[in-house]
Amino acid sequence: DWAIADPDVPNWRNWLATARSVDPGFPQLEREWDLSFREETHAIEAVVAGQGIAVCSDLLVARELASGALLKAHALSLPGFGFYALYLREHPRQQIIEAFCAWLNGQASDSTASGA
């Protein structure tokens, strides 16, 4: 139950539209979802408990995917929301924060380069 006002939100409606743009023969579903959750972690818990499938962040289920507890139902993925490191202007520990952000950017670059 992502922000309804955002037309690009990664939800079932957009996943199905993307699937149909790739494969016009992708079937129309009677209903696009039964349950919706305001918190993605609740949807993940429901899937882990065997209650169905979900559109969720691969970052949040990386451990479950790696262990085999969860499987990707389809190879199609949607672009997600970004994460940002934020801090107060003129923070007294700004040099440490900037060093951490540089390290974080390096980690993100390494992950992108390796296909993770």
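None of the values given here were measured: they were computed from a predicted structure.

The rules behind each value
- Residues numbered from 1 in each chain as written.
- Predicted model: local features only at pLDDT ≥ 70, side-chain atom pairs only at ≥ 80, totals over all residues.
- Heavy atoms only, no water.
- pLDDT = per-residue confidence, 0-100.
- Helix = DSSP H or I, 4+ residues; strand = E, 2+ residues; numbered from the N terminus.
- Patch = residues over 30% accessible without salt bridge, like charges linked within 9 Å, V, L, I, M, F, W, Y side chains within 5 Å.
- Areas by Shrake-Rupley, 256 points an atom, 1.4 Å probe, with all protein chains shown as cover.
- Salt bridge = Lys/Arg side-chain N within 4 Å of Asp/Glu carboxyl O.
- Buried < 20%, exposed > 50% of the residue type's maximum accessible area, 1.4 Å probe, protein only.
- Phe/Tyr/Trp six-rings, centres within 6.5 Å; stacked < 30°, edge-to-face > 60°.
- Polar contact = N/O pair within 3.5 Å; in protein donor to acceptor, adjacent residues only side chain to side chain.

1. With respect to the confidence of the model for the protein chain
Okay, so step 1: Mean pLDDT over the protein chain works out to 80, with 82% of the residues at or above the 70 mark.
Okay, so step 2: By mean pLDDT, the top-scoring element of the protein chain is helix H3 (residues 62–67) (90), and the lowest-scoring one is helix H4 (residues 94–114) (78).

2. Here's the deal with a nonpolar patch on the surface
Okay, so step 1: Nonpolar side chains collect at one region of the surface, where Phe100, Trp103 and Leu104 lie side by side and expose about 320 Å² of accessible area between them.
Okay, so step 2: The exposure class of Leu104 is partly exposed, given its relative accessible area of 34%.

3. A short note on the packing of aromatic side chains
Okay, so step 1: If you walk through the whole model with that rule in mind, you get two aromatic pairs.
Okay, so step 2: For the ring pair Trp15 and Phe26, a centre distance of 5.8 Å and an interplane angle of 70° mean the geometry is edge-to-face. Residue Trp15 is found in helix H1 (residues 12–22), and its partner Phe26 is found in the loop between H1 and helix H2 (40–48); the two are separated by 11 residues along the sequence.
Okay, so step 3: On the basis of relative accessibility, which here comes to 11%, the residue Trp15 falls in the buried class.

4. What about unusual backbone geometry?
Okay, so step 1: One non-glycine residue, Glu90, lies in the positive phi region at around 60°.
Okay, so step 2: With respect to the secondary-structure elements, Glu90 resides in the loop between H3 and H4.
Okay, so step 3: Given a relative accessible area of 68%, Glu90 falls into the exposed group.

5. Let's talk about the side chain of Ser57
Okay, so step 1: Here Ser57 lies in the loop between H2 and H3.
Okay, so step 2: In this structure the side chain of Ser57 is engaged in a polar contact, spanning 3.1 Å, whose partner is the backbone nitrogen of Leu59.

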